[in-house]
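# Inside the fold
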Amino acid sequence: MQLLRLNLNDGIEGCFESLVQNNVLYLNEAFMIDEILINGINTNCKISKEHKTQMIMMPKDAITIKIRYHGALDGKSGLYPYVIESTNDDFYLLRHETLYYPSFYKIDSDEFLDHYLYPQKDDEFKVFVEMTSTRSIISNLNKVDDKLYHGYAPTFAIGDFQAKEVFFGRINYLSDVDLASKIELIKRINKILLKYKVIYFNDLTMVIIPPRYGSFVMPDHHTMFITEDSFDDPQFLIHELIHLHWNPKCMPNVQNARFFDEAITQYLTLRVLTALNLKSKQHIKEELVAEFKDMINDGGLQIKPLCQFAEYNYGILSYSYGPLALLQLEEHIGVQAMDEAIRFMLDDERMYDFARFKSIFADIENVWHDCFETCNYQYELLNKC
């Protein structure tokens, strides 16, 4: 059990206590460290900095750690471009990408992803939150009382939220949005997705946040943070809803390829959009090809085989090229066989990598070679007018 105490105002005062899981602790460099206790003794630890992160080196005999820190997020200290939260704003997010609490694992490393996506007992948090303003706090954690939260991967949205109870749970929102039509659309989306896995939206907390913060679904499958513009766009709304229950389990060492979450989600988004008659398959395919070309021609990326996307940290290409490769696979084996393969994966408790994914298909050597193991199909797409 990890214990976190937070005092939130225009900044953050934090106190983190835990058994030591790793001898390096990672924290956002925006925070000043006030005290470090190792095994209950005040200890001077070596601290180094790398890419907006400070790394606290603990002695080898460290069994417990308690660390007090304070500071503010200024909108520039996030690890990714969409992490723009500032604790001076009326709204802000606290999530793992801000490293607002110490982590024993480097963000998005294989070890981190293993603990984030498939949490273990030692990853459990108890969080006490003190808030000096009257703003609401929305979290993925279970709320025990007004100040105590319990669960995994603690994430908090702070703002003047309104709430509405709906058929799948609750929607929290900051400004007026078109709830009625989107609630009806969500019902229709769920009905289509039952074809791939029979799960009904239930006990879902949806948090609508301002644009540019990035939309994401928590690993608990019950919490979604979605930007206002994405909530308003059926294509993006479908995409995020698919992330809740319709991604196969993925081995941590290939997670950064983003194939088993983003590529498969993009492919299923296409299937739902066409089933709802919102867009044609050809139109979506043309959009994906254009996006892929832009990423290669203007995004500074090189051509790499899809099976090596994790190795090169090219997961961004799985949003466009990933579904295009899946469409080639569908063209080869047929829609019915593709649906059967997706249903099999989603019901399978095993974790997938590319080898296991390939093994569920028969007679796909040519398309696998061209689309997954080599760059043949990528070059073909780039050479098309």
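Below: a short report on this structure. (Residues numbered from 1 in each chain as written. Predicted model: local features only at pLDDT ≥ 70, side-chain atom pairs only at ≥ 80, totals over all residues. Heavy atoms only, no water.)

## Digging into the packing of aromatic side chains
The tally for this structure, following the rule as stated, stands at 28 aromatic pairs. Ring plane angle 85° and centroid distance 4.9 Å describe the contact between Tyr100 and Tyr101, whose orientation is recorded as edge-to-face. On the basis of relative accessibility, which here comes to 0%, the residue Tyr100 falls in the buried class. We classify Tyr101 as buried; its relative accessible area is 10%. On the numbers, 5.1 Å between centres and 75° between planes, the contact of Phe357 with Phe361 is edge-to-face. Like Phe357, the residue Phe361 is buried in the burial classification. (Phe/Tyr/Trp six-rings, centres within 6.5 Å; stacked < 30°, edge-to-face > 60°. Buried < 20%, exposed > 50% of the residue type's maximum accessible area, 1.4 Å probe, protein only.)

## A look at helix α2 (residues 179-193)
Note on helix geometry: an α-helix contains 3.6 residues per turn, so any two residues three or four positions apart are oriented the same way. An ideal rise of 1.5 Å per residue puts 21 Å on 15 residues; α2 measures up with 21 Å between its terminal C-alpha atoms. When we look at burial in α2, the residues that qualify are Leu179, Lys182, Ile183, Leu185, Ile186, Ile189, Asn190, Ile192 and Leu193. (Helix = DSSP H or I, 4+ residues; strand = E, 2+ residues; numbered from the N terminus. Expected span 1.5 Å × (residues − 1).)

## Focus: the sheet that holds strand β11 (residues 136-139)
As summarised here, the arrangement of the 3 strands in space is β9-β14-β11, forming an open sheet in which the pairing is antiparallel. Looking at strand neighbours, the two that pair on one side only are β9 (92-94) and β11, the edges of this open sheet. Pairwise comparison of adjacent strand axes, ignoring direction, gives a mean angle of 20° for this sheet. Of the strand pairs in this sheet, β11 and strand β14 (residues 156-159) are connected by 4 bridges, and their pairing is antiparallel. Paired with Ile138 across the two strands is Ala157, which belongs to β14. (Pairing = 2+ DSSP bridges. Axes fitted to C-alpha atoms, helices over the stretch in contact; angles between N-to-C directions.)

## Structural notes on the packing of helix α6 (residues 259-275) against helix α9 (residues 335-347)
With their axes 13 Å apart at the nearest point, α6 and α9 run at an angle of 130° to one another. The angle between α6 and α9 places the two elements in the oblique class. The two elements α6 and α9 cross, and the hand of that crossing is left-handed. On α9, the residues that touch Ile264, Tyr267, Leu268 and Arg271 of α6 are Val335, Met338, Asp339, Ile342 and Met345. (Parallel < 35°, antiparallel > 145°, perpendicular 65-115°, else oblique. Left-handed = near helix turned anticlockwise from the far one by under 90°. Contact = heavy atoms within 4.5 Å.)

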